[in-house]
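Descriptive analysis of the structure
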Amino acid sequence: MPPLPLQSDWAFVIGNLDLLLVGTGVTVALTATSILLGFLLGFPAGAVEVYGRGPLKRAVETAGVVLRGTPLLVIIILLFFGLSVSSSAFVTATIALGLRSAAYQSQIFRGALQSVDEGQLEAARAVGMGRLQAIRSVVVPQALRRSVPGFQNEFTIVLKDTSIAIVIGLGELLTIGQNLYQGGQSTAALEIFLTVSLIYFVLTFVTNRSLDYVDDHFSIPGGERA
């Protein structure tokens, strides 16, 4: 079948927009689950790096260095094809992105925890709080607020990194775009990937503006940022 005329390429994209939106949904879901896993692992890891000691602290620091120093593409291929941690591409991609994000979020939270003046912890201890209670009630709330700018950057990175899941066949946005290109008409390549790029831009823009609002709303007046 000969290629369709150039003017029909945008019509081809519009006609398959529903598939791209399905891929967008997968991308958003993958971003959310990966960021959540990264937070659940990264915040405790950051706290251990600040307040921990001994073998646990060294183990957490070493794991962070390894994960930050290994390309995400290698991690996701290793988990899916090498270790076969799950037969689900979505679960494997979530674990890979979540572990990598945890390594970076731990540094965001480590810096935020260290930015809270030590005198506040001492003052809380002086009025009768235990160490853990003082950290939980005085330090952590301030650290979470101060970590928003760094978390915003990490959220954007994870959102864009979801495209790497194309290597294990997950039906996220970029994979759907590639499948449309390979299974449709070659002359629509530019239009397809321009549309994919636009969707990524919209997702990134909306995310950044939303987190800007969160940062402004919860910022500490006169406080230093992490």
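Everything here concerns the structure above.
So, here's what we can say about the structure.

Rules behind the numbers
- Residues numbered from 1 in each chain as written.
- Predicted model: local features only at pLDDT ≥ 70, side-chain atom pairs only at ≥ 80, totals over all residues.
- Heavy atoms only, no water.
- Helix = DSSP H or I, 4+ residues; strand = E, 2+ residues; numbered from the N terminus.
- Rg over C-alpha atoms; globule rule 2.2 N^0.38 Å.
- Buried < 20%, exposed > 50% of the residue type's maximum accessible area, 1.4 Å probe, protein only.
- Contact = heavy atoms within 4.5 Å.
- Areas by Shrake-Rupley, 256 points an atom, 1.4 Å probe, with all protein chains shown as cover.
- Lys, Arg positive; Asp, Glu negative; His and termini not counted.
- Charge placed at Lys NZ, Arg CZ, Asp CG, Glu CD.
- Expected span 1.5 Å × (residues − 1).
- Polar contact = N/O pair within 3.5 Å; in protein donor to acceptor, adjacent residues only side chain to side chain.

Description of the overall build of the protein
- Looking only at helices and strands, the protein features 10 helices and 0 strands.
- Going from N to C terminus, the protein has its helices and strands arranged as α-α-α-α-α-α-α-α-α-α.
- Since a compact globule built from 226 residues should have a radius of gyration of about 17 Å, the 22 Å found for the protein marks it as more spread out than a globular shape.
- Along the longest, intermediate and shortest principal axes, the C-alpha atoms of the protein span 80 × 40 × 20 Å.
- The proportion of buried residues among the 226 residues of the protein is 40%.
- For the protein, restricting intrachain contacts to residue pairs at least 6 apart in sequence, the fraction spanning at least 24 positions comes to 77%.
- Carbon together with sulfur atoms contributes 67% to the accessible area of the protein, which is approximately 11800 Å² in total.
- Looking at the protein, you have 14 positive and 15 negative side-chain charges, and the mean spots of the two groups are 13 Å apart.

Things to note about helix H5 (residues 89-115)
- If you check H5, its first and last C-alpha atoms are 38 Å apart, about what 27 residues at 1.5 Å a residue would give, namely 39 Å.
- Looking at where H5 begins, the residue whose side-chain oxygen comes 3.3 Å from the main-chain nitrogen of Phe-90 is Ser-88.

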